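Residues per chain, in single letters:
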Amino acid sequence: MSSTDNIKVAIKARPLIQREIVEGLKPVWRIRSNSVYQTDDVGNRFGEIYTFDHVFDQDCTNTNVYTTVVSSLVESFMEGFNATIFTYGQTSSGKTHTILGSKSEDGLFDLVVKDIFHYVSATTDKKYLIRCSYFEIYNEKINDLLEKSNQALAIREDTKGNMILNAREAVVTNVAEVKEKMKEGNKVRRIGATGMNERSSRSHTIFHISLPGIKTVIFSFIQ
Ligand SMILES: Nc1ncnc2c1ncn2[C@@H]1O[C@H](COP(=O)(O)OP(=O)(O)OP(=O)(O)O)[C@@H](O)[C@H]1O
Ligand SMILES: [Mg+2]
């Protein structure tokens, strides 16, 4: 797997969940520094060793991930660059847990939003008009999660090749308001049970936070 200065690829292992413990499953991936490999029943390596920009082990928290690979993204976003956190992995691998956290732990979303508003309140010489939108891709259709009547949205391009999507954009002025929009959208997001995850996300979602400047930049969360 290759990376560039603009794209960092990190792996985050999660601990076994209750169902896996009950079924007597054992972790089969071993982590050594920034690499992972699979082991057989007796712990011998087989197959390739895969190396990434970062590999976080099962004890790592979302805050560890935030500090290591995400906080610099927020900094460059505030300086006028687009930023994206894209979680990828099979069902039950921990994408939603990483972005949204749990009762006991903030997700990357909470940590990013807190930091954005921290920057905003520390900036006294300009005012920001921050907006957010939230939509899902389900059965190859894009549905607005903040506006029920806005379904099957069309993607258009402006003359500069920027993607335009007529999703509802809500103006937000603090952390609580952004979190409220995420919560509002999650209520209508398609979820269902899979054999591996009781609350499996059946759609891909994209949450945008847009920040106007000389050009408008977007922080996207994709899961
Ligand atoms: N780091 C972690 N610590 C503890 N539990 C975790 C961790 N990561 C994930 N889990 C648990 O594992 C289960 C699956 O995680 P999650 O729902 O985030 O998977 P997902 O990748 O979003 O799956 P899907 O594609 O089906 O939506 C959940 O019960 C979640 O609470
Ligand atoms: Mg999910």
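Residues numbered from 1 in each chain as written. Chains lettered and ligands numbered in written order. Predicted model: local features only at pLDDT ≥ 70, side-chain atom pairs only at ≥ 80, totals over all residues. Heavy atoms only, no water.

Asks: Mind showing me how you'd approach the nonpolar core here?
Replies: Generally speaking, soluble globular proteins have nonpolar side chains that are buried together. Judged by nonpolar contacts, the single largest core of 35 residues is most densely connected at Val112, Ile116, Ile130, Phe207, Ile209, Phe219 and Phe221. Elements supplying a minimum of two residues to this core: helix 2 (62-78), strand 6 (83-86), helix 4 (108-122), strand 9 (130-138), helix 5 (175-188), strand 16 (204-211) and strand 17 (217-222). The dominant element in this core, judged by the number of residues it contributes, is helix 4, at eight residues. If near-sequence neighbours (up to four positions away) are discounted, Phe219 is found in contact with Leu73, Val74, Phe77, Ala83, Ile85, Val112, Ile116, Phe207, His208 and Ile209. (Core = buried A, V, L, I, M, F, W, Y, C linked by side-chain atoms within 4.5 Å. Buried < 20%, exposed > 50% of the residue type's maximum accessible area, 1.4 Å probe, protein only. Helix = DSSP H or I, 4+ residues; strand = E, 2+ residues; numbered from the N terminus. Contact = heavy atoms within 4.5 Å.)

Asks: Is there a simple way to think about unusual backbone geometry in this case?
Replies: With the exception of glycine, most residues fall at negative phi, and the peptide bonds are largely trans. At Asn139, a residue that is not glycine, the phi angle is positive and equals roughly 50 degrees. At Glu140, a position not held by glycine, the phi torsion is positive, near 65 degrees. Within the secondary structure, Glu140 is located in the loop between strand 9 and strand 10 (141-144). Judged by its relative accessible area of 78%, Glu140 is exposed.

Asks: How should I be thinking about the site of ligand 1 in this particular structure?
Replies: The immediate surroundings of ligand 1 are formed by 15 residues, with Thr91, Lys95, His97, Ser200 and Ser201 found nearest. A distance of 2.9 Å separates an oxygen atom of ligand 1 from a polar side-chain atom of Thr96. Between ligand 1 and the protein, one listed contact pairs an oxygen atom with a backbone N or O atom of His97 at 2.8 Å. Within the complex, 78% of the 630 Å² of free accessible area of ligand 1 lies under protein. Residue assignment for the shell around ligand 1 shows that the elements contributing at least two residues are helix 3 (95-100) and strand 15 (200-201). (Near = heavy atom within 4 Å. Polar contact = N/O pair within 3.5 Å; in protein donor to acceptor, adjacent residues only side chain to side chain. Areas by Shrake-Rupley, 256 points an atom, 1.4 Å probe, with all protein chains shown as cover.)

Asks: Mind showing me how you'd approach the environment of Asp40 here?
Replies: Inspection of the secondary structure puts Asp40 in the loop between strand 3 (35-39) and strand 4 (45-51). Residue Asp40 is classed as partly exposed on the basis of its relative accessible area, which comes to 32%. It is 9.3 Å that separates the C-alpha atoms of Asp40 and Trp29, two residues lying eleven residues apart in sequence.

Asks: I keep staring at the pattern of salt bridges and nothing clicks. Help me out?
Replies: Pairing is possible between side chains of opposite charge, provided their charged atoms come close. Evaluated as defined, the whole model comprises seven salt bridges. The shortest N-O distance in the salt bridge between Arg19 and Glu23 comes to 3.6 Å. Looking at Glu23, the relative accessible area reads 48%, which means it is partly exposed. With a closest N to O distance of 2.7 Å, Lys114 and Asp106 form a salt bridge. What makes Lys114 partly exposed here is its relative accessible area of 41%. For Asp106, a relative accessible area of 28% corresponds to the partly exposed category. Three or more residues are tied together by salt bridges with common partners; here these are Arg14, Arg19, Glu20 and Glu23. (Salt bridge = Lys/Arg side-chain N within 4 Å of Asp/Glu carboxyl O.)

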